[in-house]
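Each chain, written out:
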Amino acid sequence: MKVCIFGAGAIGGYLAVRMANAGVDVSVVARGPNLAAIREHGLRLRIDGREEVAKVAASDSAADLGPQDYVFTTLKAHSLPPVVDRMAPLFGPDTAFVTAMNGVPYWYFHGLAGQDWRTVEAVDPGGRVSLAIPPGRAIGCVVYPATESPEPGVVEHHDGDRFTLGEPDGSKSERVNALSKAMIEAGFKAPVRPRIRDEIWVKLWGNLAFNPLSALTHQTLDVLATQDDLRGVARAMMLEGKAVAEALGVKFSIDVDKRIAGAAEVGAHKTSMLQDLERGRPMEIDALLTGVCELGAAAGVATPTLDLVLALVRARARAAGCYEG
Ligand SMILES: NC(=O)C1=CN([C@@H]2O[C@H](COP(=O)(O)OP(=O)(O)OC[C@H]3O[C@@H](n4cnc5c(N)ncnc54)[C@H](OP(=O)(O)O)[C@@H]3O)[C@@H](O)[C@H]2O)C=CC1
Ligand SMILES: CC(C)(CO)C(=O)C(=O)O
């Protein structure tokens, strides 16, 4: 099985090391100092008090790596549209595209019962992504582990090993089953779920509220999820998100208060959006929040609290040079 990981950062590096060391033919697309370090020392994964190293083929050019069975995007969501044309050499007629990212995926309406196909402008501006990578190639993937890349070529694993997979149309296809098997052999939990959007939403439910609120208030998850006034704002955002998702057929397996309690248990953790803001890096606002407001408009569901927080977090991010939308 040939697998290319496009974006060998915190999540991509974790996937790449584990799959390569389990015998999968893994290559990575990386750039800059990260690419140089991977070429020189291999990809290094610090996990459970030890280091695992994988010498993988690495390039900044997809043309060097050629057609694959599976291409993972483990880019931050805003990094995908600008590079989709450069991914073309990785695709053969049957190559699948695994979207291992947070937020609303570009293929959201593909294979969704009762809905016509339409693009989600927030994550697929001008339909650029779905034109370059038709959504029929997509396999959904919800990323649960927490990892970071403290220096080029190095990934530090903090928690979790689950990557839930699912076909947009809910089928148990041969390609998704084969991928799940390979990932399980590599030591991950990789269940295939028939209703992948339900799973995407449970993750997104926290992200759509806590990530922007953390960027606006500089507070950690425990504070956002327990301090009455902030918790109230998060809860209102989540209930609007739930109404949007349910209007599009999603079923939530837990209630909003349990989901908030789960976030509180994570403790004094800075969300990825707050970390990006503090480091002056682009923030994943569009996949986590703009896309949800857009789905709300498509479903005819009002999202006043989400719209308000979106306006504020965009302004905050623009002022910090972390957002161009
Ligand atoms: N890390 C985590 O714990 C979790 C992350 N996620 C989600 O997973 C996704 C990936 O996140 P994460 O791994 O943390 O992000 P990272 O920023 O660590 O990784 C993204 C990688 O993509 C690289 N990249 C960007 N553009 C290009 C390009 N044009 N060519 C080659 N490489 C490129 C980046 O390089 P460079 O550094 O040079 O920009 C970076 O190495 C996000 O959607 C995130 O929300 C979900 C759950 C947990
Ligand atoms: C920690 C958590 C769950 C916050 O919503 C997250 O996924 C993130 O930081 O992006």
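Residues numbered from 1 in each chain as written. Chains lettered and ligands numbered in written order. Predicted model: local features only at pLDDT ≥ 70, side-chain atom pairs only at ≥ 80, totals over all residues. Heavy atoms only, no water.

### With respect to the site of ligand 2
Piece 1. What surrounds ligand 2 is the set Asn102, Lys203, Gly206, Asn207, Asn211, Leu221, His269, Thr271 and Ser272.
Piece 2. One nitrogen or oxygen atom from the side chain of Ser272 is found 2.6 Å from an oxygen atom belonging to ligand 2.
Piece 3. Protein coverage of the free-state accessible area of ligand 2, which is 290 Å², stands at 82%.
Piece 4. Sort the elements by how many residues they give to the shell around ligand 2 and helix H6 (residues 196-217) lands first, with 4 residues. (Near = heavy atom within 4 Å. Polar contact = N/O pair within 3.5 Å; in protein donor to acceptor, adjacent residues only side chain to side chain. Areas by Shrake-Rupley, 256 points an atom, 1.4 Å probe, with all protein chains shown as cover. Helix = DSSP H or I, 4+ residues; strand = E, 2+ residues; numbered from the N terminus.)

### Digging into the environment of Asp161
Piece 1. With respect to the helices, strands and loops of the structure, Asp161 is situated in the loop between strand S10 (154-159) and strand S11 (163-166).
Piece 2. The class of Asp161 is partly exposed, set by a relative accessible area of 24%.
Piece 3. Linking Asp161 and Glu121, residues 40 residues apart in sequence, is a C-alpha distance of 31 Å.
Piece 4. In this structure, Asp161 is in contact with Tyr14, Pro145, Gly187, Phe188 and Lys189, ignoring residues within four places of it in sequence. (Buried < 20%, exposed > 50% of the residue type's maximum accessible area, 1.4 Å probe, protein only. Contact = heavy atoms within 4.5 Å.)

### Observations concerning the sheet that holds S10
Piece 1. An order of S4-S3-S10-S9 is seen for the 4 strands of this open sheet, with the pairing classed as mixed. One side of each edge strand has no neighbouring strand; the edge strands of this open sheet are strand S4 (50-54) and strand S9 (146-151). Averaged over all pairs of adjacent strands, the angle between their axes in this sheet comes to 25°, without regard to strand direction.
Piece 2. Sheet topology note: the S9/S10 ladder contains 4 bridges and is antiparallel. Pairing of Ala146 across the sheet is with Asp159, part of S10. (Pairing = 2+ DSSP bridges. Axes fitted to C-alpha atoms, helices over the stretch in contact; angles between N-to-C directions.)

### With respect to the confidence of the model for the chain
Piece 1. Of all residues in the chain, 100% have pLDDT values of 70 or greater, and the mean over the chain is 97.
Piece 2. For this predicted complex, the interface confidence comes out at an ipTM of 0.96, alongside a pTM of 0.97. (pLDDT = per-residue confidence, 0-100.)

### Considering the nonpolar core
Piece 1. Grouped together as the largest cluster of nonpolar side chains are 74 residues, with contacts concentrated most on Met87, Tyr108, Trp201, Leu208, Phe210, Met283 and Leu295.
Piece 2. It is H6 that contributes the most residues to this core, 10 residues altogether.
Piece 3. When we break this core down by domain, the ones giving at least three residues each are domain 1 (2-194) and domain 2 (197-319).
Piece 4. Excluding residues that lie within four positions of it along the chain, Tyr108 makes contacts with Val120, Arg197, Trp201, Leu248, Val250 and Leu295. (Core = buried A, V, L, I, M, F, W, Y, C linked by side-chain atoms within 4.5 Å. Domains from an automatic or database assignment.)

### Some words on the UniProt feature "domain: Ketopantoate reductase C-terminal" (unreviewed entry) in the chain
Piece 1. The residues that UniProt annotates with the feature "domain: Ketopantoate reductase C-terminal" (unreviewed entry) are residues 196-316.
Piece 2. From the first C-alpha to the last, residues 196-316 spans 32 Å; its make-up is 78% helix and 0% strand. (UniProt positions renumbered as here; feature names shortened; annotations may be inferred.)

### Thoughts on the UniProt feature "domain: Ketopantoate reductase N-terminal" (unreviewed entry) in the chain
Piece 1. The UniProt record marks residues 3-169 with the feature "domain: Ketopantoate reductase N-terminal" (unreviewed entry), using the residue numbering of this structure.
Piece 2. Secondary structure over residues 3-169 splits into 19% helix and 36% strand, and the C-alpha atoms at its two ends are 23 Å apart.

### Structural notes on unusual backbone geometry
Piece 1. The backbone of Asp48 sits at a positive phi, close to 50°, despite the residue not being glycine.
Piece 2. Assignment of secondary structure puts Asp48 in the loop between strand S3 (43-47) and S4.
Piece 3. Residue Asp48 is classed as exposed on the basis of its relative accessible area, which comes to 61%.
Piece 4. The backbone of His218 shows a phi angle near 60°, a positive value even though the residue is not glycine.
Piece 5. Its place among the elements puts His218 in the loop between H6 and helix H7 (221-226).

### Overview of the domain arrangement of the chain
Piece 1. Here the domain parsing of the chain yields domain 1 (2-194) and domain 2 (197-319).
Piece 2. Relative to domain 2, the C-alpha centre of domain 1 lies at a distance of 24 Å.
Piece 3. Between domain 1 and domain 2, the contact holds 28 residues from the first and 23 residues from the second.
Piece 4. For the pairing of domain 1 and domain 2, the buried interface totals around 2,200 Å² over both sides, and the portion due to carbon and sulfur atoms is 57%.
Piece 5. Three residues, Asn102, Tyr108 and Ala122, lead the burial of domain 1 against domain 2; their summed loss comes to 27% of the area buried on that side.
Piece 6. Summed over the shared surface of domain 1 and domain 2, the number is 2 salt bridges.
Piece 7. The closest approach of N and O atoms between Lys76 and Asp276, which form a salt bridge, is 3.0 Å.
Piece 8. The tally of links between domain 1 and domain 2 comes to 12 residue pairs in polar contact (both at pLDDT 80 or more).
Piece 9. Counted by class, the side of domain 1 that touches domain 2 contains 14 nonpolar, 8 polar and 6 charged residues. (Buried area = accessible area lost by both parts, 1.4 Å probe. Salt bridge = Lys/Arg side-chain N within 4 Å of Asp/Glu carboxyl O. Nonpolar A, V, L, I, M, F, W, Y, C, P; charged D, E, K, R; others polar.)

### With respect to the environment of Leu43
Piece 1. Relative to the elements of secondary structure, Leu43 occurs in strand S3.
Piece 2. Measuring from C-alpha to C-alpha, the distance between Leu43 and Pro152 comes to 9.0 Å, with 109 residues separating the pair along the chain.
Piece 3. Ignoring sequence-local partners within four residues, the contact set of Leu43 consists of Gly13, Ala16, Val17, Val28, Ile38, Glu52, Val53, Ala54, Val56 and Gly153.

### Digging into the site of ligand 1
Piece 1. The immediate surroundings of ligand 1 are formed by 23 residues, with Ala10, Ile11, Arg31, Thr147 and Glu284 found nearest.
Piece 2. One of the side-chain nitrogen or oxygen atoms of Asn102 is found 3.0 Å away from an oxygen atom of ligand 1.
Piece 3. A distance of 2.9 Å separates an oxygen atom of ligand 1 from a polar atom in the backbone of Thr147.
Piece 4. Contact with the protein chains hides 79% of the accessible area of ligand 1, taken as 890 Å² for the molecule alone.
Piece 5. Of all the elements in the fold, those that place two or more residues in the shell around ligand 1 are helix H1 (10-21) and S9.
Piece 6. Taken together, the residues that form the shell around ligand 1 break down as 12 nonpolar, 6 polar and 5 charged.

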